Amino acid sequence: MLTLRKTSAGFGLNLGAIDEAPSPAAREVTVEVEFAGICGSDVHAYEWTEGYGFMVPHLPIVMGHEFAGRVVKAGAAAGVKEGTRVTVMPGIDCGVCPNCARGDSRNCQNRASIGLTRNGGFSRFVTIPGANCLPLPETVDTELGALTEPLGVGCEAVLTGEVGLGDTVLVMGPGTIGQAIALFARAAGATRVLIAGKADGPRFDVMRDLGFTDILDVAEAPLRDLVMAATGGRAVDVVLEATGYPPSVTDGLGVLRKSGVLVVAGIHPGPLTLPLTDFVRARHQLRATHGCARPTWDKVLGLMAREPESIRPMISHRLPLARGIEGFELARQRAASKVMLRP
Ligand SMILES: [Zn+2]
Ligand SMILES: [Zn+2]
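Residues numbered from 1 in each chain as written. Chains lettered and ligands numbered in written order. Predicted model: local features only at pLDDT ≥ 70, side-chain atom pairs only at ≥ 80, totals over all residues. Heavy atoms only, no water.

Asks: Explain the packing of aromatic side chains here, please?
Replies: Aromatic ring pairs are described here by two measures, namely the spacing of the ring centres and the angle between the planes. What the rule picks out here adds up to four aromatic pairs. Measuring from ring centre to ring centre gives 4.9 Å for F11 and Y46, while their planes differ by 50°; the resulting arrangement is tilted. One end of the pair, F11, is in the loop between β1 (2–6) and β2 (14–17); the other, Y46, is in helix α1 (residues 40–47), and 35 residues separate them in sequence. Given the relative accessible area of 3%, Y46 is considered buried. An angle of 40° between the planes, with centres 5.1 Å apart, marks the rings of Y46 and F328 as tilted. Here the residue Y46 occupies a position in helix α1, and F328 occupies one in helix α11 (residues 324–332), the gap between them amounting to 282 residues. F328 shares its class with Y46; the two are buried. Grouped by ring-pair contacts, the aromatic residues F11, Y46, F122 and F328 constitute a single cluster. (Phe/Tyr/Trp six-rings, centres within 6.5 Å; stacked < 30°, edge-to-face > 60°. Helix = DSSP H or I, 4+ residues; strand = E, 2+ residues; numbered from the N terminus. Buried < 20%, exposed > 50% of the residue type's maximum accessible area, 1.4 Å probe, protein only.)

Asks: Which parts of the structure should I look at to understand the coordination of the zinc ion (ligand 2)?
Replies: When four donors bind a metal tetrahedrally, each ideal donor-metal-donor angle is 109.5 degrees, and when six bind octahedrally, the ideal angles are 90 or 180 degrees. Around the zinc ion (ligand 2), the donor atoms from the protein are C94 (SG), C97 (SG), C100 (SG) and C108 (SG), and they sit 2.3 to 2.4 Å away. Around the zinc ion (ligand 2) sit four donor atoms, and with donor-metal-donor angles ranging over 102 to 120° the site reads as tetrahedral. As a motif over one chain, the donors of the zinc ion (ligand 2) read C-x2-C-x2-C-x7-C. Of this pair, C97 sits in the loop between β7 (91–92) and α2 (98–101) while C108 is found in the loop between α2 and β8 (112–113), placing the two residues 11 residues apart along the sequence. Accessibility expressed as a relative area gives 10% for C108, which makes it buried. (Donors = N, O, S within 2.8 Å, 3.2 Å for Na, K, Ca; no water. Tetrahedral: all angles 85-135°; square planar, octahedral: opposite > 155°, others 65-115°.)

Asks: Got a minute to help me understand the pairing of strand β11 (residues 168–172) in this structure?
Replies: Regular strands place their side chains on alternate faces of the sheet. For β11, the buried fraction is high: five of the five residues fall into the buried class. Burial along β11 is two-sided: the residues T168, L170 and M172 and V169 and V171 are all buried. As paired strands, β11 and strand β12 (residues 192–197) are joined by five bridges and run parallel to one another. Bridged to L170 within β12 is L194. (Pairing = 2+ DSSP bridges.)

Asks: How should I be thinking about the sheet that holds strand β4 (residues 61–62) in this particular structure?
Replies: Taken in spatial order, the three strands make up an open sheet running β2-β1-β4, and their pairing is antiparallel. Both outer strands of the open sheet, β2 and β4, are each paired with one neighbouring strand and no more. Here two bridges tie β1 to β4, and the two strands are oriented antiparallel to one another. When the sheet's bridge partners are listed, K6 is paired in β4 with I61.

Asks: For this particular structure, what's the right way to read the sheet that holds strand β15 (residues 256–264)?
Replies: Two strands in a sheet stick together by hydrogen bonds in their backbones, pointing the same way (parallel) or opposite ways (antiparallel). Strands sit in the order β13-β12-β11-β14-β15-β16 across an open sheet of six strands; the sheet is parallel. Both outer strands of the open sheet, β13 (215–217) and β16 (285–288), are each paired with one neighbouring strand and no more. On average, adjacent strands in this sheet sit at an angle of 20° to one another, irrespective of strand direction. Relative to β15, strand β14 (residues 236–241) runs parallel, the two sharing five bridges. (Axes fitted to C-alpha atoms, helices over the stretch in contact; angles between N-to-C directions.)

Asks: Honestly, the coordination of the zinc ion (ligand 1) in this entry has me stumped. Any pointers?
Replies: Summarising the metal site, the zinc ion (ligand 1) is bound by the protein donors C39 (SG), H65 (NE2), E66 (OE) and E149 (OE), whose distances to it range over 2.2 to 2.7 Å. Here the zinc ion (ligand 1) binds four donor atoms, and the angle range of 80 to 160° at the metal identifies the geometry as irregular.

Asks: Can you walk me through the pattern of salt bridges in this structure?
Replies: If charged atoms from side chains of opposite charge come close, those side chains can pair. For the structure shown, the criterion picks out 19 salt bridges. For R111, the salt bridge is made with D93, and the minimal N-O distance between the two is 3.1 Å. Remark: D93 occurs in the loop between β7 and α2 and R111 occurs in the loop between α2 and β8; sequence separation between them is 18 residues. For R111, a relative accessible area of 44% puts it in the partly exposed group. The salt bridge involving E329 is made with R332; its shortest N-O contact spans 3.1 Å. In this pair, E329 and R332 both sit in helix α11, three residues apart, roughly one turn of the helix. On the accessibility criterion, R332 (32% relative accessible area) is partly exposed. It is possible to trace a salt-bridge network through shared partners that takes in D141, E143, E309, R312 and R318. (Salt bridge = Lys/Arg side-chain N within 4 Å of Asp/Glu carboxyl O.)

Printed below as a string of structure tokens:
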């Protein structure tokens, strides 16, 4: 079957055929992948930028951790029936480390990850633990189902930022995670959701299609001027960062109200220089978010089921897996927002 694999520690991916996925063991299922999204982290692994060395011992591996499809074979104890439409949670806990033993599996010390440390969804079939599959609500098709993981990351960021009724929120970065953050900030009751980005035409367009019109382009003026003009001189209540560009954190703190929360969701290639005196005097709360806790997945699926079509504009390109490299190039050059591959 055709797959898109990381085969070596360097630039690029390999599009090529490998043997069919193995038959599922008792607790496993084989999923026929219908849609698999290209994630920003997949693009980093494709480019082989800093921070993906953890993949090396697992190469070659089929990438793809944002996918949905149909269970076509299920082991006797998999807990999911054949024919079920599912989305997939990529994290696999070891179940035996001290953190898992005390029920804190989110902080498992030996976490494996579908699509990063074992074969993922850029292939027609993949065999994974049944426990990683979540049935899709009836109103959510598998194309939308493949957005569950990035939506979950955005939802977790909004929960971490404690966005509340009536808040004015600044989302930094108009990519998929920024879009997910904006959607859930609105769902959480934010009155205004400001979106900041830099000369990011295609992704600004997606934001507009999702109903976000307060778009601040920092290519045109400094962030602070744009925010103050938009709010009539008021600092914002919560800043949610999804740029992966370290100076955006200090820029964001510069427009955050005293005691406000800034959540860092981006994966940053370098360190942050933080003026600590201002930070301390403003009692700013700097928090990190990464991935999506198990209970958050249920919240996300519940919200997706309510208004599925409001989410679909996030998908900007649809390509067959055979054109996967083209999809990665589109994502890399920021010409695309979310690229969905069809294996
Ligand atoms: Zn992802
Ligand atoms: Zn563990």
